[in-house]
Every structure is written in structure tokens, then in C-alpha cells.
Amino acid sequence: MQFLSGGGTMGSRIQAYDWSDSPLGPVETWPPSLCVTLSNMLRSKLPTYMLWGPELVTFYNDACLPLRGLRPEALGQSLPQAWAEIWHVVSPLVVQARRGEAVYVEDVPVDIIQRKGYPETTWWNGSFSPVMDELGDVGGILIVIHETTERVLGEQRLRFLVDLSTRLRGIAEGCEVMATAAEMLGRHLKTSRVGYAELSESGKSFTVERDWSEGTNPTFAGQYSLDEFGPAIRSELEAGQTVCIEDALLDSRTAEERIAAEFLRTGKRATILAPLIRDGRLVASLYVHHTAPRYWREDEVKLVQEVAERTWTSVLRARAETALRESEERFRQFAEHSADVLWIMNAETLQMEYVSPAFERVWGWSPDAFHRRDQWVETVHPEDRERASQTNDRVLRGETVVQEYRIIRPDGSMRHIHSTGFPILDEHRKIRRIAGIAKDITQHDGSEVYVVDSNEASRRDLCLLLQGAGYEVKTFASARSFLEVAPVLVPGCVVLDIRGPETGELTIPTELKFRRAGLPVIVIGETGGNVSLGIRAMKAGAVDFLDVPYRPEQLLDALASAQATIQERAERDQAAERLKALIAALPPREREVLDGLLSGGTNKTIARDLGLSPRTVEAHRARIMERLGAQSLPELVQIAVAAGLQPKLQDRQR
């Protein structure tokens, strides 16, 4: 057996193996092709298997021994028997190699049960090559393998951390940061439950607001005593040491019957606890629970630790930002509900620091488009520009100034503005910012008409007819040119002649209906006796359809009806804006009482929720009704709903 000499441990085992009952027979009878291939394989430093004959009798070299671990002996066995747990993975590759085709695969996932005494998922590269016998047929298969588990897990970990950082960066609330991180980590580790526990100031208890569960395990949310973990685990956590428990029934730290029973009852038989220490004190812990015993790999523990630190940093960042937002909330509520434009400008750089949402409705420009004072000045009517600019200079010198001026919107329309400007002083009485309130005092009665007609002669005739009836008319030759400026147009009626292709048939009413724009559309078209066109126009959002030929008075009647609708909507909007401003101006405590009333609360339940007496709540309620002009609670609710407030459903224990 000269070919086995120098073959290491496996060469000796092959020589000592009893091959008499094997399909291969005694070693002395083996074909030269098998002997030569075995000799080369045994001397290889790469983990290599060799299969021979139809029965796929298995051989392997010394390089395979560290990879086999606790698995049963495979030498001399049929490969389907030796690799029973992964045969479903390799069998297609073996079949292909037996046909004489070499195969190479990369990063193939393989679930191994017994290699290290616990289940594990591994990844492998593999080469399956046919070995030819003396007759030129495929006598065997040479399998060279290389484990890539460590690299694959490392890449997965890096991808996960990048995805986590990306997701957390866009989340504003601390609780959402924790919930997102918990779900991502739980799904990545394929575990039962993940969440964050925050320690109380006393350090004796911890609270879980919410966590992630894979579905069968109930939430761990609630308040718990730190002593429920036992003194050993508590001591490790307070020392900043990560706790790993593979089986609570076998771990010495949970050996006490009471502690083990609690671990099993709450579905955390296997656990990782990653503590977060700040200023020398345990402040929180990221927990990973598994309902069954589980071996935690070292890379999994490190990932949990890193996620804990990264997430907590994001939580602190989000909470700081939340605190800042809450400090500004009163101003923002007032500004966002106000029909007037509120603005703040840096007195030194003349850069706009804030412009309220009403700016777009009044000026026709996005607030984001205005950053400097000179951009605002350019919107002022040329005749008022110098006076408005001088007034602004007076505010920069410390005066409070009230003035009126006109502005020109992007669509060419004009608005009348009543403005109040005032300085904002710092603690040293220096002017750091100036601010103002601009009110649109233009009256819009719907007398604007926007004619969309691609035929120049027809467009001119319509313009003369409508101007003669007292309407202000703007004309457009295409649907595209109209829709580009539609968002900033003063409320008015649209007269759309769809006979030309440039007018986009029914694109305009469809788009305006989708945008919920306050621009009723009257469609002019030619049906030829087929009423389906008119039906389609009405379904698309038109308020009326005129069939050509039509009488001028038909168009004027349709416009009068649409104009009345615009005026009614304007009156409702003005009333709603006034109510919004009144509600936004309520003191914080009265606003809380109003929210309680909208939620169906009584004086008693609202008092309990807010920590007040029922008599105090009753007094607040009376002042709210007086401010909003309500005579009864149902009327107060109607007023609040009309202003856009929605009842907040609350769970109440009565």
C-alpha cells in the first residue's frame, strides 16, 4: 500500500479499515485511478473528499478533520449516509459531476446539526470534479471544500449595521428608534423577542414600554424589579458586563428555582442582556430573548452589544431633538393654524429663519424659496417697494411698524397685505432678530376666470364675452401651461374648451379633482349627439358641461353658479381659519381640557388625567366656551371639529 504512505492520519485509517465488506473490496484490488487520486488527495492541504463508485464510497483527508468536529465517522460510508443532514444540498451537485460536468459553487448555506454539539448554519465554497477511471468513464468525484462562514457572517453583520444606522438616522422619536432597532435585530438573529428596558432613577426597577416579538411570544412590556434576575445577573449588569444565558434551567446564575421559573414563564429560556452604562450607572439594557435553549455565537453577542450602544446614542439624540421640538410647539401650533403669515429674520445676516405655511397660500411661493430679505422685496409691487423696504429698516432700528402694501404673485395676480413688523431682543437688549405678521386683506369673490383654449380666435372671443360680463380673465393655450401655475391661482372658475389636443381633453378637471383645488371647471365640447362625453366630463370632476353650439347666457349662468360655490367655500374657510386661530391662542391648560372634552371626557375624568380638581376643569371649560362662542358642549364640539380638530381616543378606567 505504498500509495497510502505519507497520507497522514487518514492514510493510516484507510490502511487499517476493514474493506472486505465494502463494495470496493480489499485495497489490493483497487484500480490504479482510485489509488493515484487517493494518494494526491491525502497529501493536499485543502479539505478534500473523494467519492468512488456508484455507491459513492467516501474518503477524506486530514484537512477535513477539524471541520468534522463531533460528527460520526464517514470513511467507507456511502455519501448519502455520511452526509445525511445535508444530502439534499449536495445531491444535485453530485449528480452533475457524475455526468462528467465539473461544478463550482460559492457561499452555499448548510445547516449542520452535530459538528460542534449544537445546530448551526454555515457557508461553503465547493468544487465537484469528475475523476476518470481506466476505461474513460466517471469512476469517482473529487470534492474540494472551503468554509466561508466567518466571512459571510462578517459581511452580514456589516450590512446589518449599515442598514440600522440608515434607518435610525431618519427617526425622530426615541421610542420609535428603540422599536425599529429591536425589530431589525430580532429578525436578523431569528430570535423570539427583542426590546429595551430602562432603569428607574433608584435603579431598583426597570420599564419596558414596547418591544418586538416574532408573533408567538407575548410582549415583555411592563414594569419589573431588577431583583427578579437574581443577584448574580444584577451584579454583572451593574458592572457593565453582557449576560449570556444559553439555557436558564442549566445556568448557575438562574439555578434558583424561583428565578428559573420566572425565566421560563416569561419566554426567555435563552437570553442576552447588553447593559448600557452612563456616568458609572446602569441606565438601560438591550435584551434578546429566545423561548428555547440556544447557543449564542460570539459574533451574535458582539452584534447585540454594538446595536445597544448605537441605538442608545440615537435614542438620546432623538430625545434631545424631541425636547427642542416640544419647546417650540406652542409657537408652531399657532403659526401653522394661523391664516396670516408669520416670519422671523436674522437681523445681522438678513436671512429668513422661519416663514409659516400660510406664505405659500398668500404669496404663491414655497417658503423654502425665500431665504433673504431682498427676495421678499422683489415680490412687493414696484410702487410700494421703496416704502416697504424703508419700513423694514425702521424695524431693524427697533421700531414696531404697521403698514399696508401690495405684492405680485408668480401668476401675475396682486394681493393687498396688512403687515406688522417688530424687533426681537436678546437678554442684552440687542436686536438679534426681527419678526412680523402679514395678513392678506384682498377680497376674493371668485370673479377670476381662467380660459384654457388652444384656438386663438375662440380664446379671444371667450375673453371678450367674459370681460364684458365683469370677470377678470386670464387665458392659457394648453393644459400644461395652466396646470403649472394652478396651485398658486386665486380662487376662480376654469372654462376649458377640450376641442383642441393641447388642452389635454379631461386632464385638467381630473388633476384638479385629485389635488382638491378650489377651481371649479366648466367644460366646453362637441358631443355630436352622443351624451357620453358630457357624462365623462362630469365624472372627471367638471361642475358643468356645455355642448357646442351653446348660447352665451348658458356659459354666464354656469359661471354664476360656480362663483356662488367659491364664495360659499371662502366664507366657510374664513370662519374655519378664525376658529383655528382662536384655538391656537388658547392657553396650554385650556387646550388640554378641550382635548379631553373632544375625547368624551367628563369634568371628573379630565381632572383625574390632568391632576386638577373638577371645579378647576369646570372653570377652564367655561372660559373655553366663552372664547369660542359656544353655548353648549355639543356646539363646542362642532366648533372644534369645524376647525379641523379630531377627537383623541383615550383608554379610561372608570
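This text gives an overview of the structure that appears in the document. Remember, it's a predicted structure, so these values are computed and weren't measured experimentally. (Residues numbered from 1 in each chain as written. Predicted model: local features only at pLDDT ≥ 70, side-chain atom pairs only at ≥ 80, totals over all residues. Heavy atoms only, no water.)

Digging into the layout of surface pockets
Empty space left among the atoms is revealed by rolling a probe the size of a water molecule over them. The computed volume of the second largest pocket comes to approximately 610 Å³. For the lining of the second largest pocket, the secondary-structure elements that each account for two or more residues are β3 (103–112), β4 (120–132), α6 (149–169), α7 (174–189) and α10 (298–337). (1 Å grid on protein atoms, 1.4 Å probe; cavity = no way out; pocket = protein on both sides within 12 Å on 5 of 7 lines; lining within 4 Å. Points joined across faces, edges and corners; volume = space filled by probe spheres on them. Helix = DSSP H or I, 4+ residues; strand = E, 2+ residues; numbered from the N terminus.)

Looking at the sheet that holds β3
Taken together, 5 strands build an open sheet; the order of strands is β2-β1-β5-β4-β3 and the sheet is antiparallel. At either end of the open sheet lies a strand with only one pairing partner, and these are β2 (57–60) and β3. Here the strands of the sheet are splayed against their neighbours by 30° on average, with no regard to which way each runs. Bridge count between β3 and β4: 8 bridges; the pairing is antiparallel. Within β4, the position partnered with Val-110 by the bridge is Thr-122. (Pairing = 2+ DSSP bridges. Axes fitted to C-alpha atoms, helices over the stretch in contact; angles between N-to-C directions.)

Section: the pattern of salt bridges
In this structure the tally under the stated criterion is 39 salt bridges. With a shortest N-O distance of 3.0 Å, Arg-234 and Glu-238 are connected by a salt bridge. Residue Arg-234 and its partner Glu-238 are both found in helix α8 (residues 231–238); the two are separated by 4 residues, about one turn of the helix. Taking the relative accessible area as the measure of exposure, Glu-238 reaches 39% and is therefore partly exposed. Of the charged contacts, one joins Asp-251 and Arg-253 as a salt bridge, the two residues approaching to 3.0 Å between their closest N and O atoms. The pair Asp-251 / Arg-253 is uniform in exposure class, with both members buried. Each of Arg-294, Arg-297, Asp-299 and Glu-300 takes part in one network of salt bridges that share partners. (Salt bridge = Lys/Arg side-chain N within 4 Å of Asp/Glu carboxyl O. Buried < 20%, exposed > 50% of the residue type's maximum accessible area, 1.4 Å probe, protein only.)

Considering the packing of aromatic side chains
In the structure shown here, the tally under the stated rule is 18 aromatic pairs. Consider the rings of Phe-220 and Tyr-287, whose centres lie 5.5 Å apart with planes at 75°: the pair is edge-to-face. Residue Phe-220 is found in the loop between β8 (211–213) and β9 (222–225), and its partner Tyr-287 is found in strand β12 (residues 281–290); the two are separated by 67 residues along the sequence. With respect to class, Phe-220 is no different from Tyr-287; both count as buried. (Phe/Tyr/Trp six-rings, centres within 6.5 Å; stacked < 30°, edge-to-face > 60°.)

Overview of the side chain of Asn-125
With respect to the element layout, Asn-125 can be found in strand β4. For Asn-125, a relative accessible area of 12% translates into the label buried. Within the structure, Asn-125 has its side chain in polar contact with the backbone nitrogen of Asp-107 (distance 2.8 Å). The residues contacting Asn-125, other than those within four sequence positions of it, are Tyr-104, Val-105, Glu-106, Asp-107, Val-144, Ile-145, His-146 and Thr-148. (Polar contact = N/O pair within 3.5 Å; in protein donor to acceptor, adjacent residues only side chain to side chain. Contact = heavy atoms within 4.5 Å.)

Thoughts on the sheet that holds strand β21 (residues 521–525)
In sheet architecture, strand pairing relies on hydrogen bonds along the backbone and comes in two forms, parallel and antiparallel. As summarised here, the arrangement of the 5 strands in space is β19-β18-β20-β21-β22, forming an open sheet in which the pairing is parallel. Single-partner strands in this sheet number two, and they are β19 (472–476) and β22 (544–547). Pairs of neighbouring strands in the sheet enclose a mean axial angle of 20°, with direction left out of account. Two elements, strand β18 (residues 448–452) and strand β20 (residues 492–497), share 5 bridges in a ladder whose sense is parallel.

Function cannot be inferred from these measures alone, as they are strictly geometric.
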